[in-house]
Amino acid sequence: MFFNGKKERSIQNIFFRNILFFFICTFMIIFCVLISTMIHDSVNMFKKSCFDVLAQIKERNQSLYHAMRYLADDLYADCSDLLVNTDPEQYDSFRPHVEEIIEAKSSLLNNLDMFPNVMILMKTQDSFCSPGINDEDIKSILSTYWYIDNLTDPRSSFFTSRYYVDDTFNNIELCYVRSLIDTDGSYLGCIIVGFSSDYLKNAFKDMIDQNYIFYVLDKSGTAISHSIPSMLGSNLYYMPYFWSTIEPNSSSFIRKNTGLVLRTNSYDPETGWTIVEEVDYRFIFKSFSSVFFISIILAIICLVFSVGLAFLLAKKISRPIRNISEQMRKTPFQTLKCQTSYQELNVLSTIYNLTVKRMNQLIEQIKTDEKEKRKLELSFLQAQINPHFLHNTLFTIKCLIEMKNFQKADAMISSLLRLLKIPFNAKTEWICIKDEISYLQSYLSLMQYRYDKKNLTMEVHLEDDLKEVLIPRLILQPIIENSLFHGFDDSCKNGVINLSFRKIKEKIFICIRDNGKGMTQEALDSLWDSNKKTSDSFNKVSLVNIKQRIQLLYGDGYGISVVSVPNEGTETLLTLAYKKEGDI
């Protein structure tokens, strides 16, 4: 902004952005840690609540298991001796007694809202059942794999299940089987105590919705209870693979066809059942929405606070630097007041002051050297009258005297004296336009005597108010000389040089035009290229010298330009500043 036109960033903005970036990064890290900690703790709390729910379900399942086992063992104690030691042909005689015992034992559980189905199935196809069991129920038991397997390889007791259709609805009956073995170890029959899986479903029916799924798996992976009725009795998992993917009594997120779910399981080694709860992750994180919204509001408030704090800190830190910058902008290249706010700024301001002092000394030295250089250049120009020109002029005068043409010889001597008088008597490098024209007229009169065949003339167009305008001394003579020696060849019969002066605003435009042979474009291009050599070397040196003098005296926006057309002539335009005696 100060040294060039580009829009540069201020130190305050840089400090502000860096401090704000630091605050935002720090806040984001803290925010992310807090949010992740909150989510982690909340998920753990949710998992704990899931385990608590499964513990309640497990406790209810165990109560069912113990009730089934208690009833089967109690019936075994009361009826086993009677059934084992009685001839099968006499079963019908005491059937009412056995069924009375079954009903009496079952009524104890009925009072606890547990309604068991009890069957005693003998190997002889005789059966003793509680009320409500029909022949179809007995046939379905007799056709099950576990019943047939127990006939050939009897077990003392075991848990199993029976799938059946009740009023077109799928249902599962959970069964505890106690085998009747005689003293010889022969299988005689079994006591079966069964409960509908609805009893298990009652443990989690209040939590059943689209977000929660509960089910109970037996040892084979079959769903013996499920919150979705259509899944009841389905073989959901191959249990060895199931336990290879998760740990017993664990909770973790898994991906299912419906998306990401939190699966929590509780394994009951006593029954061999696995209770599973699955919750959609969106439901879990839905409870965090209000907390997350509040966190976002707090984050925005903290962000606004961070912006304000960063701005104040950046302004405070950058104030000494901005003070130095303002001093530099208002008073360039002058010494500054030393800054003591920061050690680094004190060093910078001190070194800057030393640099400015030294730079000002060098500038003054350069100005002095440039003045001396311009004086030497002017002296060089004043002494640069071509010796060949003086020799030819003096030789011409000598010939005129020998030819006794004293009047013409006297005129040439007078013109030569006027020509030499102006540059050699110069005390400054500036001259008014009228004196410079007088010098040119003396110079041209000599050329007219020497080259009278070319019929040389100079037309001057100068307004009276421009006669006292100051221009650099000897700035026009080299251009006139170029026109005479390089513009007019031997075939020229009427050489005209037109010299005009115009003032536009605060600039003086001097136009020197001749009707000579002109120059080609290639010759024009080579005028300002010091690497190109031409036969008109003096012409080139003179023009380059004039260009350098103008730029040295006036600066940018001033100079010299040349336009030429072959066989038509050359026009040289000088652009100078308007200066008078009081302006130097």
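For the structure itself, consult the block above.
This text gives an overview of the structure that appears in the document. (Residues numbered from 1 in each chain as written. Predicted model: local features only at pLDDT ≥ 70, side-chain atom pairs only at ≥ 80, totals over all residues. Heavy atoms only, no water.)

### Details of the overall build of the chain
The helix and strand tally for the chain stands at 15 helices and 17 strands. For the chain, the proportion of its 584 residues judged to be buried stands at 40%. Taken as a whole, the chain presents about 33,800 Å² of accessible surface, with 56% of it coming from carbon and sulfur. (Helix = DSSP H or I, 4+ residues; strand = E, 2+ residues; numbered from the N terminus. Buried < 20%, exposed > 50% of the residue type's maximum accessible area, 1.4 Å probe, protein only. Areas by Shrake-Rupley, 256 points an atom, 1.4 Å probe, with all protein chains shown as cover.)

### Observations concerning a nonpolar patch on the surface
Taken together, Phe292, Phe293, Ile294, Ile296, Ile297, Leu298, Ile300, Ile301 and Val304 make up a surface patch of nonpolar side chains, about 850 Å² in accessible area. Locating isoleucine 294 in the fold gives a position in helix α8 (residues 289–330). (Patch = residues over 30% accessible without salt bridge, like charges linked within 9 Å, V, L, I, M, F, W, Y side chains within 5 Å. Salt bridge = Lys/Arg side-chain N within 4 Å of Asp/Glu carboxyl O.)

### Considerations on the nonpolar core
Residues Leu476, Leu484, Ile510, Ile512 and Leu574 are the most contacted members of the largest nonpolar core, which totals 50 residues. Looking at which element gives the most residues to this core, the answer is helix α12 (residues 433–450), with 8 residues. Non-local contacts of leucine 484, meaning those with residues more than four positions away in its chain, are made with Tyr443, Leu444, Met447, Lys454, Leu456 and Ile497. Ranked by size, the runner-up nonpolar core spans 43 residues in total, among them Leu64, Phe94, Val98 and Leu200. (Core = buried A, V, L, I, M, F, W, Y, C linked by side-chain atoms within 4.5 Å. Contact = heavy atoms within 4.5 Å.)

### Notes on the pairing of strand β17 (residues 569–577)
Of all the 9 residues making up β17, 7 are buried; the element is thus mostly covered by neighbouring parts of the structure. Direction of pairing for strand β15 (residues 507–514) relative to β17: antiparallel, over a ladder of 8 bridges. By the bridge assignment for β17, aspartate 514 is matched with threonine 570. Two strands pair when backbone bridges link them, and strand β16 (residues 559–565) and β17 are joined in this way by 7 bridges, in the antiparallel orientation. (Pairing = 2+ DSSP bridges.)

### A word on the side chain of glutamate 173
Structurally, the position occupied by glutamate 173 is in strand β4 (residues 169–181). Judged by its relative accessible area of 2%, glutamate 173 is buried.

### Focus on the sheet that holds strand β6 (residues 212–217)
Taken in spatial order, the 5 strands line up as β7-β6-β10-β9-β8 in an open sheet, and their pairing is antiparallel. Unpaired on one side and paired on the other, β7 (223–226) and β8 (251–256) mark the two borders of the sheet. Pairwise comparison of adjacent strand axes, ignoring direction, gives a mean angle of 30° for this sheet. With 6 bridges connecting them, β6 and strand β10 (residues 273–280) associate as antiparallel partners. Among the inter-strand pairings, tyrosine 215 is bridged to a residue of β10, identified as valine 276. (Axes fitted to C-alpha atoms, helices over the stretch in contact; angles between N-to-C directions.)

### Re the environment of serine 244
Position of serine 244 among the secondary structure elements: in helix α6 (residues 239–245). Taking the relative accessible area as the measure of exposure, serine 244 reaches 53% and is therefore exposed. Reaching out from serine 244, the side chain makes a polar contact with the backbone oxygen of tyrosine 241 at a distance of 2.5 Å. (Polar contact = N/O pair within 3.5 Å; in protein donor to acceptor, adjacent residues only side chain to side chain.)

### A word on the pattern of salt bridges
Summed over the entire model, instances satisfying the criterion amount to 12 salt bridges. For glutamate 278, the salt bridge goes to lysine 256, with nearest N and O atoms at 2.8 Å. Placement of the pair is glutamate 278 in strand β10 and lysine 256 in strand β8, with a sequence separation of 22 residues. Here glutamate 278 falls in the buried class, since its relative accessible area comes to 3%. Residue class for lysine 256 comes out partly exposed when judged on its relative accessible area of 31%. Here lysine 434 ties to glutamate 468 by a salt bridge, and the two come within 3.0 Å at their closest N and O atoms. Residue lysine 434 is found in helix α12, and its partner glutamate 468 is found in the loop between β12 (457–461) and β13 (470–472); the two are separated by 34 residues along the sequence. A relative accessible area of 39% places lysine 434 in the partly exposed class. Sharing partners across several salt bridges, the network here consists of Asp74, Asp78 and Lys105.

### Regarding the pairing of strand β9 (residues 259–268)
Across the 10 residues that make up β9, a large majority, 8, are buried. For β8 and β9, the ladder comprises 6 bridges, and the chain directions are antiparallel. Of the residues in β9, the one forming a bridge with phenylalanine 253 is leucine 262. Two strands pair when backbone bridges link them, and β9 and β10 are joined in this way by 8 bridges, in the antiparallel orientation. Bridging across to β10, asparagine 265 finds its partner in valine 276. Adjacent in sequence and paired antiparallel, β9 and β10 are bridged by 4 residues, among which glycine 272 carries a positive phi angle near 80°.

### Quick word on the environment of isoleucine 433
Within the secondary structure layout, isoleucine 433 lies in helix α12. Sequence separation of isoleucine 433 and isoleucine 471 is 38 residues, and the distance between their C-alpha atoms is 6.5 Å.

### Side note on the packing of α12 against helix α13 (residues 477–487)
One way to put it is that α12 packs onto α13 with a least axis distance of 11 Å and a crossing angle of 25°. Between α12 and α13, the interaxial angle falls into the category roughly parallel. When the axes of α12 and α13 are compared, the crossing they make is right-handed. Mapping the contact onto sequence places Glu436, Tyr439, Leu440, Tyr443, Leu444 and Met447 in α12 and Gln477, Ile480, Glu481, Leu484 and Phe485 in α13. Classifying every residue of the contact of α12 with α13 gives 8 nonpolar, 1 polar and 2 charged. (Parallel < 35°, antiparallel > 145°, perpendicular 65-115°, else oblique. Left-handed = near helix turned anticlockwise from the far one by under 90°. Nonpolar A, V, L, I, M, F, W, Y, C, P; charged D, E, K, R; others polar.)

### So, the sheet that holds β16
Note: strands within a sheet are paired through backbone hydrogen bonds, in either parallel or antiparallel orientation. The mixed open sheet is built from 5 strands, whose spatial order is β12-β14-β15-β17-β16. Across the chains shown, the open sheet's two edge strands, defined by having one partner strand only, are β12 and β16. Geometrically, the sheet is characterised by an average inter-axis angle of 15° between neighbouring strands, direction not taken into account. Here α12 sits on the sheet in contact with β12 and β14 (496–504), set at roughly 165° to β12.

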